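Each chain is listed here by its residues.
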Amino acid sequence: MSHDVAAKSAGPNKLVIRNIGLLLSGDLDHPILDADTVVAMDGVIHAVGREKDLDTAAAATTIDAKGSALAPGLIDSHVHPVCGDWTPRQNQLGWIDSCLHGGVTTMISAGEVHTPGRPKDIVGLKAMAIFAQRAFQAFRPGGVKVYAGAPVLEQGMVEDDFKELAVAGVKFLGEVGLGSVKDGVTGRRMVAWARKYGIQSTIHTGGPSIPGSSLIDKDMVLETDADVVGHINGGHTALPDDQIMDICLRSPRALEIVHNGNERAALLALRTAREVSHLDHVILGTDSPAGSGVQPLGILRMISMLSSLGETPAEIAICLATGNTAKMRSLNCGLIAAGREATFVFLDTAQQSAGKNLLDSIQKGDLAGVGMVIIDGAVSIQRSRNTPPATRVPEVVRA
Ligand SMILES: [Zn+2]
């Protein structure tokens, strides 16, 4: 109690980040800002601009970026958490914390489908979703926000089930197609119920991922009309090229490319989306943990892969993993702009990269080095233990 009073009397918790060498906004329309300083209050971005124009006095915490780049914290649009920081898929502990060291600050569950003994009856699946939503809201490894509690559609669900889930706090559905609903008519009806109550949906796209899942083709994807075309590049088995191109052309929804998918199909989806002016719909995920394992650097790897092989400037590729995902997922992170969550990743050229600078190094296929991560205005980690070492790393000069 006395701690709360003291915090209040000290005024807002002000964070100043100065000496930023490159400000990557996450906004596809303006990916690089002419700014070297960010001011945040109580975990929310207050101002972005040139140091001489901003009020940087009386900060509780000041960080010298040392000329490194500042980007919004990365968002993984497609994960499969289970409970705590543990995944039974590969019997691994600490996987979320490892991803934090890859610059990921926000994760969205595409279903807690790896839960041993996952209930498939309707009362059971609702109970599990509400439990996961509550548990991950309260438990944030290293500060990472995991939006979990994503029920998988099963036959027999009625409109009231979606209403009940929404009232209980559930915001996302797990991948359509991983449960017993495997036809477009039923999928479309349930997705519409979910949408009516403010629950976003995603659909598995492509061949079966593991024994027990099944093929979802172009026709079911388009008919179901989920908010996110989950892993349009397959998870891992991709649809034929003509089907991927047709979805990019005809779907008005988010087009999600994942690390645990077909890389050639990922590049096809990216190029097609750009050709039909749907680049602003492209979002990134890992689809981990999965059969392919956990990829702590999965989002950074996607950024470098799509940039180096997909004719995409690095600052644009970073938008796919930040501002685009925030927009398509209705999250208040993902952009460096006033009013957004003060959640950032500091990036710099990996030591000894052949790239001339950070963006050139990514365009040459190297991974960025993470020097620090800030979540909701608080320093979460300093130099990453997982990325190649960043050349320049920021320093907390006053805390
Ligand atoms: Zn899937």
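Check the entry above for the structure.
Residues numbered from 1 in each chain as written. Predicted model: local features only at pLDDT ≥ 70, side-chain atom pairs only at ≥ 80, totals over all residues. Heavy atoms only, no water.

Colleague: Help me understand the environment of Ile 318, please; the structure alone is not making it clear to me.
Modeller: Structurally, Ile 318 is set in helix H10 (residues 314–320). For Ile 318, a relative accessible area of 1% corresponds to the buried category. Measuring from C-alpha to C-alpha, the distance between Ile 318 and Ile 362 comes to 10.0 Å, with 44 residues separating the pair along the chain. The residues touching Ile 318, leaving out its near neighbours within four places in the chain, are Leu 24, Ala 71, Ile 303, Leu 347 and Ile 362. (Helix = DSSP H or I, 4+ residues; strand = E, 2+ residues; numbered from the N terminus. Buried < 20%, exposed > 50% of the residue type's maximum accessible area, 1.4 Å probe, protein only. Contact = heavy atoms within 4.5 Å.)

Colleague: Is there a simple way to explain the pairing of strand S1 (residues 14–18) in this structure?
Modeller: Among the 5 residues that make up S1, 4 are buried, leaving the element largely enclosed by the rest of the structure. Bridging between S1 and strand S4 (residues 37–41) involves 4 bridges; their strand directions are antiparallel. When the bridges of S4 are listed, Leu 15 appears paired with Ala 40. With 4 bridges joining them, S1 and strand S6 (residues 61–64) adopt parallel strand pairing. Bridging across to S6, Val 16 finds its partner in Thr 62. (Pairing = 2+ DSSP bridges.)

Colleague: What is the right way to read the packing of aromatic side chains from this model?
Modeller: Working definition: an aromatic ring pair is given by the centre-to-centre distance plus the angle between the planes. Enumeration over the complete set of coordinates arrives at 2 aromatic pairs. Here the aromatic rings of Phe 162 and Trp 193 are separated by 5.9 Å at their centres, their planes lie at 45°, and the arrangement is tilted. In this pair, Phe 162 is assigned in helix H4 (residues 159–167) and Trp 193 in helix H5 (residues 184–196), connecting sequence segments 31 residues apart. (Phe/Tyr/Trp six-rings, centres within 6.5 Å; stacked < 30°, edge-to-face > 60°.)

Colleague: Just to check I follow, could you spell out the sheet that holds S1 for this structure?
Modeller: Overall, mixed pairing links the 5 strands, which are arranged S5-S4-S1-S6-S21 in an open sheet. Strand pairing shows two members of the sheet lacking a second neighbour, strand S5 (44–49) and strand S21 (395–398), which therefore form its edges. If you compare each strand with its neighbour and ignore which way they point, the axes differ by 20° on average. Where S6 lies against S21, 3 bridges are found, and the strand directions are antiparallel. Within S21, the position partnered with Thr 62 by the bridge is Arg 398. (Axes fitted to C-alpha atoms, helices over the stretch in contact; angles between N-to-C directions.)

Colleague: Is there a simple way to explain the layout of surface pockets in this structure?
Modeller: One way to see where empty space is left: roll a probe the size of a water molecule over the atoms. Here the largest pocket is characterised by a volume of approximately 390 Å³. His 114, Leu 178, Ser 209, Ile 210 and Ser 213 are, among the 26 residues lining the largest pocket, the residues nearest its centre. Its residues placed into classes, the lining of the largest pocket shows 6 nonpolar, 14 polar and 6 charged. Roughly 210 Å³ of internal volume is contained in the second largest pocket. Gln 133, Phe 136, Gln 137, Arg 140, Lys 145, Val 146, Tyr 147, Ala 148, Gly 169, Lys 171 and Phe 172 are the residues that line the second largest pocket. Only helix H3 (122–138) and strand S12 (145–147) provide two or more residues apiece to the lining of the second largest pocket. In the lining of the second largest pocket, the residues fall into 5 nonpolar, 3 polar and 3 charged. (1 Å grid on protein atoms, 1.4 Å probe; cavity = no way out; pocket = protein on both sides within 12 Å on 5 of 7 lines; lining within 4 Å. Points joined across faces, edges and corners; volume = space filled by probe spheres on them. Nonpolar A, V, L, I, M, F, W, Y, C, P; charged D, E, K, R; others polar.)

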